[in-house]
Amino acid sequence: MSLALINPAVPAEAPVRRRSELLQRDGAHDVVVPIPDGFELDFGGCLTQRRVIGRLHGKPGAPLIVVAGGISADRYVHRTETKGLGWWSGAVGVRAPIDLTRFRVLAFDFAPEFGDGVTEPKAPLTITTQDQARLLAHLLDHLGVDKVAAFIGCSYGGMIALAFGELFPDWAEQLVVVSAAHRPHPLATAWRGIQRRILQLGLETGRIDQAVSLARELAMTTYRTQEEFGDRFDFEAPSHAGQAYPVCDYLTSRGRAYRDRTTPSRWLTLSDSIDRHRVEPEAITAPVTLVGFTTDRLCPIDDMRELADRLPNLWRFEQHASVYGHDAFLKEDVLVGDILTSVLKDIEQ
């Protein structure tokens, strides 16, 4: 194991990697890699989990594409035999834009690990996008991958893609960054800060489920646009003060549906990781495709334009409007699919 994967201050040597037979195995399957004892987080301390888990999908032996999404995403990126509908089935699948008959796809679970009997840390951890990038590097090193054909990251996953490009400039042949910039916007940090205080209040009062639901409701209002809410919900006043309006019923249902997807400590950790995110665009030398949405309030298009101006090897910058705002990468299947198809078409098999 290269010391540079444990401590990024150690200069990286050119490792000789032997490709793992896992890359040749048919079907979707997990890759479980122990986290070495010497792995330290950027802000000090260690993870309570002892492993990082990825999942390989697609054609054995084909060019490898890494895919990462928002903080709710996991390693189940498309329809699988074990977990039904994946979080980005609109983009990843057989004959889809990220075509599983052409590519091998690697998705991975972000730290801190959640579920499968893992004991959650008692307090939030301080984890950076660079930490997540180094955990991904452990996976790639274990698989013996010398080159990633593309790293496609959306939202938080796009931040990790930028951090990976900064730390490991020669590992990915190209980066595709959707709805993410080199730093968070202060207003988005303010919204997430309110969510974190709701979660902390839930922990202090023992009303954890209610806190997760309410924080998710607030988050939903930042993911989407006022135009979508205006189109979907007519003004219909309830009979008495204190009763819910139709838009509130919708948000309540979204909050309840999210309670089993995460825990307060994990959400606090990953939300803080977003707001702690910083990269130097000038250090990212791989070709980069940026995809931004002019209606995105969490990642304003002006921040992505600044990123574009500072990248030394900007390949392409797509800017589009969408009624879905920050969630456009999950909802605009045709638009995003056409961009991905074009970006990936020249990868040699």
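Note that the structure is a prediction, hence the values are computed from the model and not measured.

### Focus on the packing of aromatic side chains
And step 1. Taken as a whole and judged by the stated rule, the model has 12 aromatic pairs.
And step 2. Between F164 and F168 the ring centres are 5.1 Å apart and the planes differ by 50°, which places this aromatic pair in the tilted class.
And step 3. In textbook terms, an aromatic cluster arises when at least three aromatic residues are bridged by ring pairs, as seen for F151, F164, F168 and W171.
And step 4. The side chain of R232 reaches across the aromatic face of Y250, ending 4.5 Å from its centre.

### Let's talk about the environment of T128
And step 1. Residue position: T128 is located in the loop between β6 (104-108) and α2 (129-143).
And step 2. The residues contacting T128, other than those within four sequence positions of it, are D42, F43, Y156, S273 and R276.
And step 3. Of note is the side chain of T128, whose polar atom sits 3.0 Å from the backbone nitrogen of D131.

### So, the pairing of strand β3 (residues 64-68)
And step 1. Counting buried positions along β3 yields 5 of 5 residues, so the element is predominantly enclosed.
And step 2. Of the two faces of β3, the one carrying L64, V66 and A68 and the one carrying I65 and V67 are both buried.
And step 3. By the bridge criterion, 3 bridges tie β3 to β6 in an arrangement that is parallel. Considered in β6, the bridge of V66 is made with L106.
And step 4. Bridge count for β3 against strand β7 (residues 150-154) is 4 bridges, and the pairing is parallel.

Reading the values: rules and limits
- Residues numbered from 1 in each chain as written.
- Predicted model: local features only at pLDDT ≥ 70, side-chain atom pairs only at ≥ 80, totals over all residues.
- Heavy atoms only, no water.
- Phe/Tyr/Trp six-rings, centres within 6.5 Å; stacked < 30°, edge-to-face > 60°.
- Lys NZ or Arg CZ within 6 Å of the ring centre and 35° of its normal.
- Helix = DSSP H or I, 4+ residues; strand = E, 2+ residues; numbered from the N terminus.
- Contact = heavy atoms within 4.5 Å.
- Polar contact = N/O pair within 3.5 Å; in protein donor to acceptor, adjacent residues only side chain to side chain.
- Buried < 20%, exposed > 50% of the residue type's maximum accessible area, 1.4 Å probe, protein only.
- Pairing = 2+ DSSP bridges.

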